[in-house]
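Breakdown of the fold
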Amino acid sequence: MMWEAFGHLAAEGVMLWGFWKLFMSRENSHLVNAEGEVNEAGKRLLAVKKDWLSHTDQNGGFAFRGYHGNYAVEVITSSSQKVL
């Protein structure tokens, strides 16, 4: 559902109101159980986050799949940081 929601032109981000079972008011809405272990929902969220992040390949190539809109690309190297 996060993919579909974030893909909408009016969406600017995704907000999570909590993640730990001990502090959630709704049943089955947590990402981390009471012992601090990431549950299946939490693992899926981490997989989505990994998909959303972009990295360069061995040759410095950059592949990007994005939604409609404007983007700022931040390039960080070992010697400097630049925003393009």
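Small disclaimer: the values here were computed from a predicted structure and weren't measured. (Residues numbered from 1 in each chain as written. Predicted model: local features only at pLDDT ≥ 70, side-chain atom pairs only at ≥ 80, totals over all residues. Heavy atoms only, no water.)

A few words on the overall build of the chain. Scanning the chain for helices and strands turns up 2 helices and 2 strands. The N-to-C order of helical and strand elements in the chain reads α-α-β-β. Taken against the 2.2 N^0.38 rule, which gives 12 Å for 84 residues, the C-alpha radius of gyration of the chain at 17 Å runs more than 25% over that of a compact globule. Here the C-alpha coordinates of the chain stretch approximately 45 × 30 × 20 Å along the principal axes. Counting only contacts in the chain whose residues sit at least 6 apart along the sequence, the fraction spanning at least 24 positions is 21%. Carbon and sulfur atoms form 55% of the exposed surface of the chain, whose accessible area is close to 7900 Å². Positive and negative charge centroids in the chain, built from 8 and 9 side chains respectively, lie 2 Å apart. (Helix = DSSP H or I, 4+ residues; strand = E, 2+ residues; numbered from the N terminus. Rg over C-alpha atoms; globule rule 2.2 N^0.38 Å. Contact = heavy atoms within 4.5 Å. Areas by Shrake-Rupley, 256 points an atom, 1.4 Å probe, with all protein chains shown as cover. Lys, Arg positive; Asp, Glu negative; His and termini not counted. Charge placed at Lys NZ, Arg CZ, Asp CG, Glu CD.)

Even without glycine at this site, Asn28 takes up a positive phi of about 55 degrees. Summarising the element assignment, Asn28 is placed in the loop between helix H1 (2-6) and helix H2 (40-52).

Residue placement: His30 occurs in the loop between H1 and H2. Those residues within four positions of His30 in sequence are excluded, and the remaining contacts are Phe19, Trp20, Lys21, Met24, Asn39 and Ala41.

In this section: a nonpolar patch on the surface. A contiguous nonpolar surface patch, about 250 Å² in accessible area, is contributed by Val14, Leu16 and Trp52. Mapped onto the fold, Val14 is located in the loop between H1 and H2. (Patch = residues over 30% accessible without salt bridge, like charges linked within 9 Å, V, L, I, M, F, W, Y side chains within 5 Å. Salt bridge = Lys/Arg side-chain N within 4 Å of Asp/Glu carboxyl O.)

When you line up the elements, Asp57 lands in the loop between H2 and strand S1 (74-76). Only 2.9 Å separates the side chain of Asp57 from the backbone nitrogen of Asn59, close enough to count as a polar contact. (Polar contact = N/O pair within 3.5 Å; in protein donor to acceptor, adjacent residues only side chain to side chain.)

Applying the stated rule across the entire model yields 1 aromatic pair. On the basis of an interplanar angle of 45 degrees and a centroid distance of 5.1 Å, the ring pair of Trp20 and Phe23 is categorised as tilted. With relative accessibility at 29%, the residue Trp20 sits in the partly exposed group. (Phe/Tyr/Trp six-rings, centres within 6.5 Å; stacked < 30°, edge-to-face > 60°. Buried < 20%, exposed > 50% of the residue type's maximum accessible area, 1.4 Å probe, protein only.)

This part takes up the side chain of Asn33. Tracing the sequence through the fold places Asn33 in the loop between H1 and H2. If sequence neighbours within four positions are ignored, Asn33 has contacts with Trp20 and Lys21.

Once that is clear, we can look at the confidence of the model for the chain. Any segment with low pLDDT has predicted coordinates that should not be analysed in fine detail. In the predicted model, the chain carries a mean pLDDT of 80, and 90% of its residues have values of at least 70. Element-level mean pLDDT values for the chain span from 64 in strand S2 (residues 81-83) up to 85 in H2. (pLDDT = per-residue confidence, 0-100.)

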